[in-house]
Amino acid sequence: MSTATVYLKPKKDESIRRFHPWVFSGAIKQIDGQPANGDTVRVCANKGAVLGYGHYSPNATIAVRMVSFDEEIPDENFWIEKIRKAYQMREALGMTSDTKSNTYRLVHAEGDRLPGLIIDHFDGHLVIQTHSLGMHLLRDHWVSALKDIYGSNLKSIYDKSSSTLKKNGGYEMENEYLFGDEKSGNISLENGHQFLIDWEGGQKTGFFIDQRENRELLGKVSKGKKILNSFCYTGGFSIYALGNGAELVHSLDSSQKALDLVEENVKLNGFDSSKHACIHADAVQFIKDAETDYDIIILDPPAFAKHMNARHKAVQGYKRINARAIEKIKPGGLIFTFSCSQAVDKQLFTHTIIAAAISVGREVKILHQLHQPADHPISAFHPEGEYLKGLVIQVN
Ligand code: SAH
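Residues numbered from 1 in each chain as written. Predicted model: local features only at pLDDT ≥ 70, side-chain atom pairs only at ≥ 80, totals over all residues. Heavy atoms only, no water.

Visitor: Quick rundown of the pairing of strand β14 (residues 226–230)? Include the residues and the values.
Guide: In terms of burial, β14 is largely enclosed, as 4 of its 5 residues are buried. Here β14 runs beside strand β15 (residues 248–253); their pairing, made up of 5 bridges, is parallel. Its bridge partner being in β15, K226 is matched across the sheet by L248. Assessed by its sense of winding, the connection that carries the chain from β14 through helix α7 (residues 236–243) to β15 is right-handed. With 4 bridges joining them, β14 and strand β17 (residues 296–299) adopt parallel strand pairing. Residue pairing for β17: N229 is matched across the bridge by I298. (Buried < 20%, exposed > 50% of the residue type's maximum accessible area, 1.4 Å probe, protein only. Helix = DSSP H or I, 4+ residues; strand = E, 2+ residues; numbered from the N terminus. Pairing = 2+ DSSP bridges. Right-handed = clockwise from strand over helix to strand, strands pointing away.)

Visitor: Outline the nonpolar core, supporting the account with residue identities and numerical values.
Guide: Residues F122, W199, L218, I227, I298, F336 and F338 are the most contacted members of the largest nonpolar core, which totals 32 residues. Within the residue set of this core, elements represented by two or more residues are β13 (193–197), α6 (212–220), α7, α8 (256–268), β17 and β18 (333–339). Examining the composition of this core, we find that 5 residues originate from one element, α7, more than from any other. When residues of this core are sorted by domain, at least three fall in each of domain 2 (76–187) and domain 3 (208–395). (Core = buried A, V, L, I, M, F, W, Y, C linked by side-chain atoms within 4.5 Å. Domains from an automatic or database assignment.)

Visitor: Explain the site of the ligand to me, and be specific about the residues and the numbers.
Guide: In the neighbourhood of the ligand, 16 residues make up the surrounding shell, with R215, D253, D282, A283 and D300 lying closest. With respect to the ligand, the side chain of R215 contributes an N or O atom lying 2.9 Å from an oxygen atom. Separating a nitrogen atom of the ligand from a side-chain N or O atom of D282 is a distance of 2.8 Å. Across the complex, the protein chains shield 87% of the 590 Å² of accessible surface that the ligand would expose by itself. Here the residues of the shell around the ligand are counted per class, giving 9 nonpolar, 3 polar and 4 charged. (Near = heavy atom within 4 Å. Polar contact = N/O pair within 3.5 Å; in protein donor to acceptor, adjacent residues only side chain to side chain. Areas by Shrake-Rupley, 256 points an atom, 1.4 Å probe, with all protein chains shown as cover. Nonpolar A, V, L, I, M, F, W, Y, C, P; charged D, E, K, R; others polar.)

Visitor: Kindly report on unusual backbone geometry, identifying the contributing residues and their values.
Guide: Although it is not a glycine, A109 adopts a positive phi angle of roughly 40 degrees. The topology assignment puts A109 in the loop between β7 (103–108) and β8 (117–122). Although it is not a glycine, F231 adopts a positive phi angle of roughly 60 degrees. For F231, the location among the structural elements is in the loop between β14 and α7.

Visitor: Let's hear about the sheet that holds strand β2 (residues 22–24): which residues, and what values?
Guide: Overall, mixed pairing links the 6 strands, which are arranged β2-β6-β5-β4-β1-β3 in an open sheet. Each edge of the sheet is formed by a strand with only one pairing partner; in this case those strands are β2 and β3 (28–32). On average, each strand axis in the sheet is tilted by 35 degrees relative to the strand beside it, whichever way the strands run. Summarising the sheet, strand β1 (residues 5–8) and β3 pair through 4 bridges and their orientation is antiparallel. Note on β3: the bridge partner recorded for V6 is I31. (Axes fitted to C-alpha atoms, helices over the stretch in contact; angles between N-to-C directions.)

Visitor: Would you mind going over the packing of helix α10 (residues 311–328) against helix α11 (residues 346–360) in detail, with residue names and values included?
Guide: Two elements in contact, α10 and α11, have axes separated by 8 Å at closest approach and are oriented at 45 degrees. Put simply, α10 runs oblique to α11. For the crossing formed where α10 meets α11, the hand is right-handed. Contacts from R311, V315, Y318, K319, N322, A323, I326 and E327 of α10 reach α11 at L348, F349, T352, I353, A355, A356, A357, S359 and V360. Taken together, the residues that form the contact of α10 with α11 break down as 11 nonpolar, 3 polar and 3 charged. (Parallel < 35°, antiparallel > 145°, perpendicular 65-115°, else oblique. Left-handed = near helix turned anticlockwise from the far one by under 90°. Contact = heavy atoms within 4.5 Å.)

Visitor: Run through a negative patch on the surface, naming residues and quoting values.
Guide: On the surface, D70, E71, E72, D75, E76 and D140 cluster together into a negatively charged patch. Here E71 lies in the loop between β6 (62–68) and α2 (76–92). (Patch = residues over 30% accessible without salt bridge, like charges linked within 9 Å, V, L, I, M, F, W, Y side chains within 5 Å. Salt bridge = Lys/Arg side-chain N within 4 Å of Asp/Glu carboxyl O. Lys, Arg positive; Asp, Glu negative; His and termini not counted. Charge placed at Lys NZ, Arg CZ, Asp CG, Glu CD.)

Visitor: Give me the packing of α6 against α7: which residues, what numbers.
Guide: Where α6 meets α7, the axes come as close as 8 Å, and the angle between the chain directions of the two elements is 30 degrees. Here the hand of the crossing between α6 and α7 comes out right-handed. Here R212, N214, R215, E216, L218 and G219 of α6 lie close against α7, whose contacting residues are G236, F237, Y240 and A241. Class assignment for the residues of the contact of α6 with α7 results in 4 nonpolar, 3 polar and 3 charged.

Visitor: Explain the sheet that holds β8 to me, using residue names and the numbers behind them.
Guide: With mixed pairing, the 5 strands of this open sheet are ordered in space as β7-β8-β9-β10-β11. Both edges of this open sheet fall to β7 and β11 (176–179), since each of them pairs with a single strand only. Each neighbouring strand pair of the sheet contributes to a mean axis angle of 25 degrees, computed without reference to strand direction. One ladder, built from 5 bridges, connects β7 with β8; its direction is antiparallel. Of the residues in β8, the one forming a bridge with Y104 is H121. Across the sheet, α2 is in contact with β7 and β8; its angle to β7 comes to roughly 145 degrees.

If you want it as structure tokens, here you go:
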């Protein structure tokens, strides 16, 4: 089968020549051939110069995600080499041999020059989430690369792409094990803390690895403090707080299923359950009515803005919840506040928090500016990859 060719409109090659990996549908002048969803297409500039190859998604705003900027079409070795490079980067960072942590992100999509592919590692179990059919169709290559890299340390590979593929183009598939069949409920270590990871039933790949370093920072200031961990999911921040001598931790989420896992994680780590309670509630409402004098509040909501056109509403949402927390917290207290919306950048997020502080009329200092860790790298050519930002603010 011959490879279809996508020709770009004049000047639309400029960002691709700077290695930006996205071709928007509006940038396409003409397509030679009839590529199907997931096909690899050749991408050419207006006058025909070959820019590289990408995965075609006919129904998405990002019509082509570039996978190579070479004249050669990617072969099996190309893919295996990409996974190996991603592993070598984590190895160089000491993550693959860390005796206190065996959770890390092995592949972070555009950040590893593998647009549309996420692979998380939990103590020898790998969870794959593909966001484009093109990446999904390559799964035999991922499996052979992963078997080769991990050898006898590989316990299972679970492909959890059904919801992401359905959302990005309506492709139907069942989640399934591509290797091994060990069911979830396995225990992983993060900075010496134990976590039950439910990759089959949990959100995303089962655990939010991206908060690892920020949880560690919370641990350092938790001793003797009363802490509200809102949007807690499986209690990542709560476990670090309890492990570092917090006086009282409230874990709040709107998902009972997530809270059940928090309870299990508290037990698993052997913590005194009288210092911890789960709260099943809406975070905004709860903080507004909160009666406890918290020393620390964590705000880690899901992405309020999934698209640029939802940005204004998202900013209002961040402002509202942060204003309520700033209003309620004890004088001298800390707020760990985050946004994982790609459409809200660092500057806009900081301005939103400042606006929230002004609206409440309390004095606020920015103590830390937080972000995603190194196993969630940002390609210099794709600044949109910087999605997680956070601030630690002190309120007087
Ligand atoms: N901080 C977590 C990750 C948070 S993910 C960690 O370290 O693992 C966002 C969480 O917010 C999800 O668990 C989701 O169930 C919860 N959530 C979404 N909307 C909510 C709301 N209005 N009130 C409380 N929790 C909410």
